[in-house]
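Observations on the model geometry
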Amino acid sequence: MQRQILDQAHLHPAIRDKVARNHADIVEEVRAAMAANPVLLVGMRQNPVVRKARKLLDSMGVRYAYLEYGSYLGGWRRRNALKMWSGWPTFPMVFVKGVLIGGADELRALSESAELARLLGVFD
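Computed from a predicted structure; not experimentally measured.

1. Remarks on the packing of aromatic side chains
- All told, the structure shown has one aromatic pair when counted by the stated rule.
- Here the guanidinium or amino end of Arg54 rests over the ring plane of Tyr66, the centre of that ring lying 3.8 Å away.

Have a look at this one:
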């Protein structure tokens, strides 16, 4: 199944630029961090699931970059731009070598199956 995204042909020309620029800075910051770091975790303050993912990576000795955007009390509009861009509905967002692998549960599953080690090239 292919992810559904409203294509540009279905946006009125008068709003295309506004849609394209909507919090583009946060998306670009995440894209740059993805390119610069083998593991990137994007999260928010006060989120216990984000803490769980960070703790798992720390316990495994995996080095990662962490970007934090707001908390439950603020920053949701900017975070929403990341959700729309990535298609992932929750935080954290975990990227390995530029690929979104999901959140904390998916990270745990990949670590338990040794898939995370394979993605990171530990077995190469």
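2. Some thoughts on the sheet that holds strand β2 (residues 65-68)
- One open sheet holds the four strands; their spatial order is β2-β1-β3-β4, and the pairing between them is mixed. In the strand order of this sheet, the two ends are held by β2 and β4 (99-102), each with one partner. Looking at each pair of strands side by side, their axes are set apart by 25 degrees on average, direction ignored.
- Bridge analysis of strand β3 (residues 93-96) against β4 gives three bridges, and the strand direction is antiparallel.

3. Observations concerning the pattern of salt bridges
- In the structure shown here, the tally under the stated rule is six salt bridges.
- Glu68 is paired through a salt bridge with Arg45; the nearest N and O atoms lie 3.6 Å apart. Of the two residues, Glu68 is situated in strand β2 and Arg45 in the loop between β1 (39-43) and α3 (48-60); the sequence distance between them amounts to 23 residues.
- Residue class for Glu68 comes out partly exposed when judged on its relative accessible area of 35%.
- Assessed through its relative accessible area of 43%, Arg45 is described here as partly exposed.
- Among the ionic pairs, Asp105 bridges to Lys52, the shortest N-O distance being 3.4 Å.

What counts, and at which threshold
Residues numbered from 1 in each chain as written. Predicted model: local features only at pLDDT ≥ 70, side-chain atom pairs only at ≥ 80, totals over all residues. Heavy atoms only, no water. Phe/Tyr/Trp six-rings, centres within 6.5 Å; stacked < 30°, edge-to-face > 60°. Lys NZ or Arg CZ within 6 Å of the ring centre and 35° of its normal. Pairing = 2+ DSSP bridges. Helix = DSSP H or I, 4+ residues; strand = E, 2+ residues; numbered from the N terminus. Axes fitted to C-alpha atoms, helices over the stretch in contact; angles between N-to-C directions. Salt bridge = Lys/Arg side-chain N within 4 Å of Asp/Glu carboxyl O. Buried < 20%, exposed > 50% of the residue type's maximum accessible area, 1.4 Å probe, protein only.

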